[in-house]
Amino acid sequence: MPDGSPRRRWKTLDYALAAGLVLSLGWLGFEMYGAVASKDAAPPPPPPDHGDLCERLNGRGRVLALGRDMLPKCDVEGLSLLVPVDVTPDGGIERLLSGRDDGAVADLLAARDVRHVVVASALANPSLLPRVTVRNRLALYKPSDRFRAVYLSEAGGLYEVAPGGLEVPEAEGAGLVRVARAVLAGSGRAAADPPGPARRGEYEVAVQLQGLKPVERIEKPQPDERNRKEHVRRLRRGLFASARGGTLVEATRAAAEKLADLYARRGLDRIDGPIERAIERLTVEVEVMHDWNEVRTLVAPGTPELRYRGFLWRTFELGLHGVAVNRGTDRYRYRLPSDAIYAGRKSPEDVLERVCRDLFETDERALAEVPRPPGAAEFPAAEAAKAAYRTLPGIRVERFRSHHFREMTPGGEVRGLSRGIPPLPLTPEAVGRASLRGKVYWATRWLVENLQPDGRFRYLYRPELDYYLSDMQIVEQYNEVRHGLATYSLFMSHQEVPAPDLWDAAERSLQWILRSVVFGPAWRERLPKPADPEAPFGPPAPGGRTAPAGEWRCPHGDVRPVPPDIAYVRHLDNAKMGSVAAATLAISELIRQTPEAERPARLDEFRPFLQGFASFMLLMQHASGARAGSFDHYFVAPDHGHYQRSTTIYPGEILFALARIHGLTGDPRIPPAYAAAHRYEKAWFDRESAIRESDGTYANARRVDLVQFVPWISMAHNDMYLAVRDEDPAMAAEYADFGIAVSDWVVREYLFDEDRTFFPEYLGGYFKWEFELPAMHSMVYAEGTAAAFRLADLTGDPRRETMRRATVLGCRFAAQQIVVPGLNDQFMPNPARARGGVRFGINRSEMRTDYSYHTLSALNQALRFFDDDDLLP
């Protein structure tokens, strides 16, 4: 309506219509409310299960309660629940609980006549990497020699103050191993009693044999399994038996005698020979079992699965805790702590199911009482075991620890083990230059010895079962990006451990990926070897087809002409940006490792690949709009399954490759494209890293996107900083700052450093999520911190020390995961195939090409960028 025009007055009809509209909307709102309110609302989940914690508190007297408001209101006799201020009004106990010295807390409580502590598990959030304090140790159910766990439930745990745990020094443990060997060899009491205190009590000891001939088992695919074929698994039997005695020596002798009897009853004398002779080539392990704690694993109806899983993962530390179960008798079935490592058990549920199955094999009455699924005609022990520890009334579950000792060779040196392998302390000997170079040597061995005649690697190996993925898969799922990175790491390692077979393996594996390179028509007259001149040019399409190559419509709508000078990697019916980046890195490292006099010729040889790859990556970059600077990740036809896919790994890989090409060729197209990508990715990271959940954590999907983005950006910016610092120092400074910042973020959030690791094996690892022990992703982040250290070192950034320390810790963790012959391969049925492989995680031993790449990348960068003084703790 124009300004100054007269307004129409409402008439009676207008008021009536308006009133009707209001009534209609009101009635509609009432109906919608009624419809929602009439539905059965989902009942809220029950609170965390305390079990019979109140009964356990009966008659305990003065008990310190941590998180008292989150604990049940227990109306029992002889109980006085105290809060810290009741114990020491001046705050003394509170200060000690916030420190690490559990002995000081225990002594103060004993002096105040407080013999027990009850703690709510909700006091610590494991996803926030709580610091190593006494309070957090108790809330997270971590072992403590001064607080023995009496009863652990989902919501709270009860501890008693103890004078100290059982200590077995390595010399005493070695003596126990010699006692066991003497018994097994038939010489009875020939071995002298080991050194140690003259103590008596009720001790339990397990004796185990390693080195028995592997058992072959044919695995047939199940009817519902796809892409599988019949294959052979070889299992290394670990035979063990345990016994109790009034001294450790008595218990060891009794266990060895039981083991010799078990060896004969199992018929192993027909396979491995009589035990008296077989022992000459077998190694003996002894585990002194101690620190037994009862755990309530029964599940209340409606308990959220994730909450219950979190409880199991906090309570049963894989490789550190063994599990025992019984039901109404003193006889129990158990699995030793080392079983989780030797059998590669992925979760506490795996261990609990295995122990329950052991129980049912000897207790049919218990099996019959497990609640069955409706309509189940048969209920085998293996199926029943999946739910027994959660549902079987009267079942008693206990966890325990052990002091573990092993002969390194039959009858030879004995060493203490932690989680089944010798511990690797943070010492100059462990992370010094000579030691890390030795680890690089072994890690290259696995790649070199697993290279096949056609130039591909054996992609994945399960050493505890001795089979490769290709033995099991009908169509091997080979990853060409990981192949290229493994090739890159071999060339990189040649600087530290030069060897003709290593260089030959690197070149042959490079040829495999270069044969998959497709060149545009501009290169047809000068096509480099070994590219295929018959390879179809254009976006791959499903079924091996190829879409027209004149122009390409990206998933975000842009239509781009395809330059004729591009080159990309096509594997089967896919063309990934990561494949091009990995091939670029491999070529660039080959050129860098070439003697200086021969380097120009090498560069000319590979220039078509580098120029074609650069043109391809720039084709895939958005030039304008909200996504300006970002890259599309798959050069495929619109009907391809990967067309709209993306990953936060690729941006850093692409930038790293572009930085390498610019450093070698000086391609003028790269600096502005790189700067645009940096601006886009920095804005993304700053935005996403600021979005947290209410408890301070990140949603899983966001966290995964952030952490896998980090290391590649640090490595890319480390290279690009050097390439442009003279011509554009301001831009170089931006790259250095962001390259350090992202790795600094992941260190602050997720590194298990001295302040945040309860167990030595975690040191230098990184948290991924609550349901996995530290694993190979830790070496991924160590790659980034090594590059960030160099940036900080070159620019004088104050975060240098943080990056140095994180990298040294990361190298310690990486070195721990490498299989070295005779050191940590005793449980593998085919140690020769496993040597040099990098175990996935603390409790899982599968090996894959990318685990080796990430480990070699981290170690090699540390050796390149660090002085000897920087490597020392």
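Being a predicted model, the structure only gives us computed values, none of them experimental. (Residues numbered from 1 in each chain as written. Predicted model: local features only at pLDDT ≥ 70, side-chain atom pairs only at ≥ 80, totals over all residues. Heavy atoms only, no water.)

Trainee: Where do I start with the state of the cysteines in this structure?
Mentor: Note on terminology: disulfide describes a covalent bond linking the sulfur atoms of two cysteines. Going through the model one piece at a time under the given rule, you end up with one disulfide. Residue pairing for C54: its cysteine sulfur links by disulfide to C74, the two sulfurs lying 2.0 Å apart. With the S-S dihedral at roughly -75°, the linkage between C54 and C74 falls on the left-handed side. Linking C54 in helix α2 (residues 53-57) with C74 in the loop between β1 (61-66) and β2 (79-82), this pair joins segments that are 20 residues apart in sequence. (Disulfide = S-S within 2.5 Å. Helix = DSSP H or I, 4+ residues; strand = E, 2+ residues; numbered from the N terminus.)

Trainee: Looking at this structure, how should I read the pattern of salt bridges?
Mentor: Oppositely charged side chains are able to pair whenever their charged atoms sit close together. Per the stated rule, a full pass over the model turns up 72 salt bridges. R244 is paired through a salt bridge with E204; the nearest N and O atoms lie 3.0 Å apart. A residue pair is termed long-range when its members are at least 10 positions apart, and R244 in strand β9 (residues 239-245) and E204 in strand β6 (residues 203-210) qualify at 40 residues. Taking relative accessible area as the criterion, R244 reaches 46% and is therefore assigned partly exposed. (Salt bridge = Lys/Arg side-chain N within 4 Å of Asp/Glu carboxyl O. Buried < 20%, exposed > 50% of the residue type's maximum accessible area, 1.4 Å probe, protein only.)

Trainee: When you look at the confidence of the model for the chain in this model, what are you seeing that I'm missing?
Mentor: In regions of low pLDDT, the predicted coordinates are not meant to be interpreted in detail. Confidence in the prediction of the chain, expressed as mean pLDDT, is 92, and 94% of residues score 70 or more. Within the model, the stretch residues 1-10 combines pLDDT values under 50 with five contacts to residues more than four positions away or in other chains. Below pLDDT 50 for its whole length, residues 35-39 participates in zero contacts with residues either more than four positions away or in separate chains. (pLDDT = per-residue confidence, 0-100. Contact = heavy atoms within 4.5 Å.)

Trainee: I keep staring at a negative patch on the surface and nothing clicks. Help me out?
Mentor: Together, D726, E727, D728 and E734 give the surface a local cluster of negative charge. Along the chain, D728 turns up in the loop between α24 (700-724) and α25 (729-750). Overall, the relative accessible area of 33% leaves D728 in the partly exposed class. (Patch = residues over 30% accessible without salt bridge, like charges linked within 9 Å, V, L, I, M, F, W, Y side chains within 5 Å. Areas by Shrake-Rupley, 256 points an atom, 1.4 Å probe, with all protein chains shown as cover. Lys, Arg positive; Asp, Glu negative; His and termini not counted. Charge placed at Lys NZ, Arg CZ, Asp CG, Glu CD.)

Trainee: Could you clarify how one ought to interpret the sheet that holds strand β15 (residues 460-462) in this entry?
Mentor: Note on sheets: strands pair through backbone hydrogen bonds, and any given pair is parallel or antiparallel. The strand order across the open sheet formed by three strands is β16-β15-β21, and the pairing between neighbours is antiparallel. Looking at which strands have only one partner, the edges of the open sheet turn out to be β16 (467-468) and β21 (847-848). (Pairing = 2+ DSSP bridges.)

Trainee: I keep staring at the packing of aromatic side chains and nothing clicks. Help me out?
Mentor: Counting across every chain of the model gives 43 aromatic pairs. Between F240 and Y334, the ring centres sit 5.8 Å apart and the planes meet at 50°, which makes this aromatic pair tilted. Note that F240 is positioned in strand β9 and Y334 in strand β12 (residues 333-335), a separation of 94 residues in sequence. Assessed through its relative accessible area of 22%, F240 is described here as partly exposed. (Phe/Tyr/Trp six-rings, centres within 6.5 Å; stacked < 30°, edge-to-face > 60°.)

Trainee: Whenever I open this one, the nonpolar core confuses me. Can you help?
Mentor: One recurring pattern in soluble globular proteins is that nonpolar side chains are buried together. Within the largest apolar cluster, 216 residues are counted, with the highest numbers of intra-cluster contacts made by L109, F147, F360, F613, F616 and M617. If we ignore the near neighbours within four places in the chain, the residues touching M617 are M577, V580, T584, F631, I654, A657, L658 and I661. Formed by 36 residues, the second largest nonpolar core is a distinct cluster that contains A255, L259, A260 and L262. (Core = buried A, V, L, I, M, F, W, Y, C linked by side-chain atoms within 4.5 Å.)

Trainee: Any chance you could explain the side chain of R839 here in plain terms?
Mentor: Note on placement: R839 falls in the loop between α28 (831-834) and β21. For R839, which is buried and forms no salt bridge, the nearest opposite charge comes from E464, at a distance of 7.8 Å. Discounting residues that sit within four places of it in the chain, R839 has contacts with I341, I421, Q817, V819, M828, R844, S845, E846 and M847.

Trainee: Help me understand the environment of D705 in this model?
Mentor: Structurally, D705 can be placed in helix α24. By relative accessible area, which is 32% here, D705 ends up partly exposed. Measuring from C-alpha to C-alpha, the distance between D705 and V448 comes to 32 Å, with 257 residues separating the pair along the chain. Not counting chain neighbours up to four residues away, the residues in contact with D705 comprise T648 and W684.

Trainee: Which parts of the structure should I look at to understand the pairing of strand β4 (residues 147-152)?
Mentor: Regular strands place their side chains on alternate faces of the sheet. Counting buried positions over the six residues of β4 gives five, a clear majority of the element. Bridge count between β4 and strand β5 (residues 156-161): five bridges; the pairing is antiparallel. Residue pairing in the sheet places R148 in a bridge with E160 of β5. Count of turn residues in the β4/β5 antiparallel hairpin: three residues. Across two bridges, β4 lies against strand β10 (residues 283-295) in parallel orientation. Across the sheet, residue Y151 finds its bridge partner in β10, namely E294.

Trainee: Whenever I open this one, the environment of L722 confuses me. Can you help?
Mentor: Take L722: it is sitting in helix α24. A residue is classified by how much of its surface remains accessible, and L722, at 28% relative accessible area, is partly exposed. Once the C-alpha coordinates of L722 and L791 are considered, the two residues, 69 residues apart in sequence, prove to be 9.1 Å apart. In contact with L722, other than residues within four places in its own chain, are R790 and L794.

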